[in-house]
Amino acid sequence: MKLFRNIMCLHRFVEIEWFTLLLIFLCYASWLMATAWLYSVAPVLTIVVTGILIAFHSSLSHEVLHGHPTSINVVNEALIFVPLNLMIPFQRFRALHLAHHQDSQLTDPYDDPESNYADPVAWNAMPRWKRWILQVNNTLLGRMVVGPILGQCAFLIEDFRLISQGDRAVCLAWFLNVVGACIVFVWLIKATSMPIWVYGIAIHFGLGLLKIRTFLEHRAHERIRCRTVIVEDRGPLAFLFLNNNLHAVHHCHPRVPWYRLPAIYWQNKDYYLRKNNGYVYRSYMQVILRYLFVTKDPVPHPHLGQK
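Here the structure is a predicted model, which means the values were calculated and not measured. (Residues numbered from 1 in each chain as written. Predicted model: local features only at pLDDT ≥ 70, side-chain atom pairs only at ≥ 80, totals over all residues. Heavy atoms only, no water.)

Visitor: What's the story with the state of the cysteines in this structure? I'm lost.
Guide: A covalent bond between the sulfur atoms of two cysteines is what we call a disulfide. Across all of its chains, the model carries zero disulfides by this definition. Note on Cys27: no disulfide assigned, nearest cysteine sulfur contributed by Cys182 at a separation of 20 Å. Overall, Cys27 belongs to the buried group, its relative accessible area being 2%. The thiol of Cys252 is not disulfide-bonded; the next cysteine sulfur, from Cys226, is found 12 Å away. For Cys252, a relative accessible area of 31% puts it in the partly exposed group. (Disulfide = S-S within 2.5 Å. Buried < 20%, exposed > 50% of the residue type's maximum accessible area, 1.4 Å probe, protein only.)

Shown next, in the form of structure tokens:
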């Protein structure tokens with residue numbers, strides 16, 4: 001009873017989103033069970049389940065970088081400190097993603113850290129093999145299979161460059177990530193029979209799932225307000241992405257918690273669709289059927305010189 005009273009007293013001074021907090025604990029608890037117990041029973045299923053949890057952890061990390069589930073940032077970061085994907089430091093994710101939220105720079109291959117477009121001049125100078133890979137990456141299947149590797153390589157190259165230049169913030173981010181990753185490695189080695197290379201497959205699968213969401217979140221468009229998508233999905237993928245499929249709503253209200261986004265959208269649907277000029281899909285199934293083997297956009301940015 002004393003502990004309960006203390007928690008309630010704390011709640012008076014600290015805003016706590018209990019549902020999100022519960023999901024963070026459930027994510028880690030499920031990950032522990034899947035890696036320690038399920039692998040010995042069903043290895044392939046474990047890869048799928050672990051990959052889903054890695055993707056879900058990324059969605060929860062996205063909530064944390066926007067100031068959830070409490071009003072104390074250091075508490076929020078401590079809650080997702082252990083990096084299930086191993087190679088994406090939270091502080092770097094936060095810095096790059098908040099830079100991405102500068103809507104005036106969306107899709108710019110230089111100023112938007114999450115852009116998949118290329119400078120047309122750089123594109124024309126690329127060798128054919130590199131252009132072919134980037135074109136494959138512009139299909140949904142390619143983005144899921146090749147995208148995690150291309151994205152991680154580009155991310156590592158840039159961060160190693162910053163580290164070599166003495167960027168202390170990047171160095172600290174990677175130091176903390178290594179500490180957290182060591183916890184994952186110790187757990188896998190000491191408490192599970194899951195080989196590290198199998199866990200690597202699960203990471204790739206999880207990052208591939210996330211590419212379903214990011215594949216068409218933004219398009220090159222002359223008008224800033226028309227660049228961000230709405231996917232009206234209400235199924236498992238919407239939950240996995242914590243309603244970030246309603247991406248235009250999230251960009252309009254980045255501090256709103258994930259569970260409030262659907263009500264905001266459905267109560268103001270006409271407004272958001274007018275705002276983004278009807279950039280909408282009914283579901284992720286529609287996206288998969290349309291773009292699994294088909295490119296959505298050209299790789300060279302069509303409006304780079306006009307922005």
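Visitor: Explanation requested: a nonpolar patch on the surface in the structure shown.
Guide: A contiguous nonpolar patch, built from Phe19, Leu22, Leu26, Phe239 and Tyr259 and spanning about 450 Å² of accessible area, is present on the exposed surface. For the nonpolar patch, the leading source of residues is helix 2 (residues 18-41), giving three residues. You can see Leu26 is positioned in helix 2. (Patch = residues over 30% accessible without salt bridge, like charges linked within 9 Å, V, L, I, M, F, W, Y side chains within 5 Å. Areas by Shrake-Rupley, 256 points an atom, 1.4 Å probe, with all protein chains shown as cover. Salt bridge = Lys/Arg side-chain N within 4 Å of Asp/Glu carboxyl O. Helix = DSSP H or I, 4+ residues; strand = E, 2+ residues; numbered from the N terminus.)

Visitor: Explain the side chain of Glu17 here, please?
Guide: Positionally, Glu17 belongs in the loop between helix 1 (2-13) and helix 2. Summary of buried charges: Glu17 has no salt-bridge partner, and the nearest side chain of opposite charge, Arg260, is 6.3 Å away. Looking at Glu17, its side chain comes within polar contact range of the side chain of His68, at 2.7 Å. Not counting residues up to four positions away in its chain, the partners in contact with Glu17 are His68, Pro69, Pro257 and Tyr259. (Lys, Arg positive; Asp, Glu negative; His and termini not counted. Polar contact = N/O pair within 3.5 Å; in protein donor to acceptor, adjacent residues only side chain to side chain. Contact = heavy atoms within 4.5 Å.)

By themselves, these observations are geometric and do not establish any function.
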